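The chain contents come next:
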Amino acid sequence: MDFLMIPFIFVGIIILISSFFTVKQQSAAIIERFGKFQSIRHSGLQMKIPLIDRVAGRLSLKIQQLDVIVETKTLDDVFVRLKVSVQFVVIKNKVYDAFYKLDYPHDQITSYVFDVVRAEVPKMKLDDVFVKKDDIAIAVKTELNDAMLDYGFDIIKTLVTDIDPDAQVKAAMNRINASEREKIAAQYEGDAARILIVEKAKAEAESKRLQGQGIADQRREIARGLEESVEVLNRVGINSQEASALIVVTQHYDTLQSLGEETNSNLILLPNSPQAGSQMLNDMVASFTASNQIGEAMKEAKNRKNPNDKQ
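Residues numbered from 1 in each chain as written. Predicted model: local features only at pLDDT ≥ 70, side-chain atom pairs only at ≥ 80, totals over all residues. Heavy atoms only, no water.

Novice: Would you mind going over helix H3 (residues 105-120) with me for this structure?
Specialist: Within an α-helix, residues lying three or four positions from one another point in the same direction, as the helix has 3.6 residues per turn. Taking 1.5 Å per residue as the helical rise, H3 with its 16 residues ought to reach 22 Å, and the 23 Å between its terminal C-alpha atoms agrees with that figure. Turning to H3, its buried residues are Pro 105, Ile 109, Val 113, Val 116 and Val 117. Each buried residue of H3 lies within a common arc of 95 degrees when the element is viewed along its axis, so the set occupies one face. Looking at the buried residues of H3, the elements they touch are strand S6 (64-73), strand S7 (79-90), helix H5 (133-148) and strand S8 (153-165). (Helix = DSSP H or I, 4+ residues; strand = E, 2+ residues; numbered from the N terminus. Expected span 1.5 Å × (residues − 1). Buried < 20%, exposed > 50% of the residue type's maximum accessible area, 1.4 Å probe, protein only. Arc of directions from axis to C-beta. Contact = heavy atoms within 4.5 Å.)

Given below as structure tokens:
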């Protein structure tokens, strides 16, 4: 008798155990009794009537994401693929609607995304699609909220996460961008070259000015030195003409000496014998004397021509 009861006891234990079930955190379980909705159970240890009640399904109450790729055409006839990410969640107090009103909620959301994107993008040019992608996302979210709220789904956010034009269009856009950047680079290089030319011209002008000033200062000092030399020679009885000739001859020999010190200088033939120097000195004295006589004669002739000038 005891052995006959063992199977019944075993079956009873199994039935008792099967009457308990658990529901995970952030999820809900739908209980049906003979195929009819009975209740919704949330997280924790739950109990149902064995052989009568059953867990018909479970729904996650976490935020879910669905990525939808849509291919469409823009206003300027460019085919583009958009990746739209839809973040949605089952409303906790509308689990019944989410479970029974829609068999395939992902397909329903995908259909709405396709409908909105293909209605909005053909109104925009390709450049505007990149700029106004947030407007597209807002339009998708608005449409989905209005449609999916009755089915127990709340649309948290929609994002246009990728915009992928045709490969040839992308290559053309890259070429345009590269050309534009090369144009800007050429403009900067031109401006830099122009600045260098201007600054170089300014530097050369300043250099010429300073060089001229230096030459003027040099000549002024030379003249002052010559004046002092003539005064010194006058004190020892040498007149101005002889002193000038002597200074020129002295400079001549100084030049010969400097040429001799330069090892890489070109060959220049100058009179360098003592007779040549003496002759040069005599010629200079004679020329200075002659020039003075000519000057005096011109003054006398002018005075005779205009006697009133003396009065």
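Now that the structure has been shown, we can carry on.
Novice: Before we go on, may I ask you to explain the side chain of Ser 39 in this structure?
Specialist: With respect to the element layout, Ser 39 can be found in strand S3 (residues 36-41). For Ser 39, the side chain forms a polar contact with the side chain of Arg 41, separated by 3.1 Å. Beyond its immediate sequence surroundings of up to four residues, Ser 39 is in contact with Ala 29, Ile 30 and Ile 31. (Polar contact = N/O pair within 3.5 Å; in protein donor to acceptor, adjacent residues only side chain to side chain.)

Novice: Hey, could you run me through the environment of Leu 61 in this one?
Specialist: Along the chain, Leu 61 falls in the loop between strand S5 (53-60) and S6. Classification of Leu 61 by relative accessible area gives buried; the value is 11%. The spatial distance from the C-alpha of Leu 61 to the C-alpha of Phe 88 is 9.7 Å, given a sequence separation of 27 residues.

Novice: Looking at this model, I keep getting lost on a negative patch on the surface. Mind explaining?
Specialist: Among the surface-exposed residues, Asp 115, Glu 143, Asp 146 and Asp 150 lie close enough to one another that they form a single negatively charged patch. Classification of Asp 115 as partly exposed rests on a relative accessible area of 48%. (Patch = residues over 30% accessible without salt bridge, like charges linked within 9 Å, V, L, I, M, F, W, Y side chains within 5 Å. Areas by Shrake-Rupley, 256 points an atom, 1.4 Å probe, with all protein chains shown as cover. Salt bridge = Lys/Arg side-chain N within 4 Å of Asp/Glu carboxyl O. Lys, Arg positive; Asp, Glu negative; His and termini not counted. Charge placed at Lys NZ, Arg CZ, Asp CG, Glu CD.)

Novice: For this particular structure, what's the right way to read the sheet that holds S8?
Specialist: The strands making up a sheet associate through hydrogen bonds between their backbones, and the pairing can be parallel or antiparallel. Reading across the sheet, the three strands line up as S6-S7-S8 and stay open at both edges, with antiparallel pairing between neighbours. Pairing within the sheet leaves two strands with one partner each, and these edge strands are S6 and S8. Across the sheet, the mean angle separating the axes of adjacent strands is 20 degrees when strand polarity is ignored. Here S6 pairs with S7 via ten bridges, running antiparallel. Bridged to Thr 72 within S7 is Val 80. (Pairing = 2+ DSSP bridges. Axes fitted to C-alpha atoms, helices over the stretch in contact; angles between N-to-C directions.)

Novice: Explain the nonpolar core to me, please; I cannot follow it from the model alone.
Specialist: One finds Leu 82, Val 113, Val 117 and Ile 136 to be the most contacted residues of the largest nonpolar core, which totals 34 residues. Among the elements that line this core, the one with the most residues is S7, at six residues. Setting aside anything within four residues of it in sequence, one finds Val 113 in contact with Val 68, Val 70, Val 84, Val 86, Val 140 and Leu 144. (Core = buried A, V, L, I, M, F, W, Y, C linked by side-chain atoms within 4.5 Å.)

Novice: Sorry, what's going on with the sheet that holds S5 here?
Specialist: The three strands are arranged S3-S2-S5 in an open sheet whose pairing can be described as antiparallel. A single partner strand is all that each edge strand has here, and the edge strands are S3 and S5. Strand-to-strand twist across the sheet, computed as the mean angle between neighbouring axes with direction ignored, equals 25 degrees. Summarising the sheet, strand S2 (residues 27-33) and S5 pair through seven bridges and their orientation is antiparallel. Within the sheet, the bridge partner assigned to Ala 28 lies in S5 and is Leu 59.

Novice: Can you help me understand unusual backbone geometry in this one?
Specialist: Generally, phi is negative for residues other than glycine and the peptide bonds are trans, each holding for most cases. If you check the backbone angles, Gln 26 has positive phi at about 60 degrees while not being a glycine. Mapped onto the fold, Gln 26 is located in the loop between strand S1 (20-23) and S2. At Phe 34, a position not held by glycine, the phi torsion is positive, near 55 degrees. Along the chain, Phe 34 falls in the loop between S2 and S3.

Novice: Please explain a nonpolar patch on the surface as it appears in this structure.
Specialist: On the surface, a cluster of nonpolar side chains totalling about 380 Å² of accessible area is made up of Met 5, Ile 9, Ile 13 and Ile 17. Tracing the chain through its elements places Ile 17 in helix H1 (residues 2-18). In this structure Ile 17 comes out as exposed when scored by relative accessible area, which is 56%.

Novice: Explanation requested: the side chain of Arg 41 in the structure shown.
Specialist: Examined against the element boundaries, Arg 41 turns out to sit in strand S3. No salt bridge forms around the buried Arg 41; measuring N to O, its nearest opposite-charge neighbour Asp 53 is 5.2 Å away. Ignoring sequence-local partners within four residues, the contact set of Arg 41 consists of Phe 21, Val 23, Ser 27, Ala 28, Ala 29, Ile 31, Gln 46 and Met 47.

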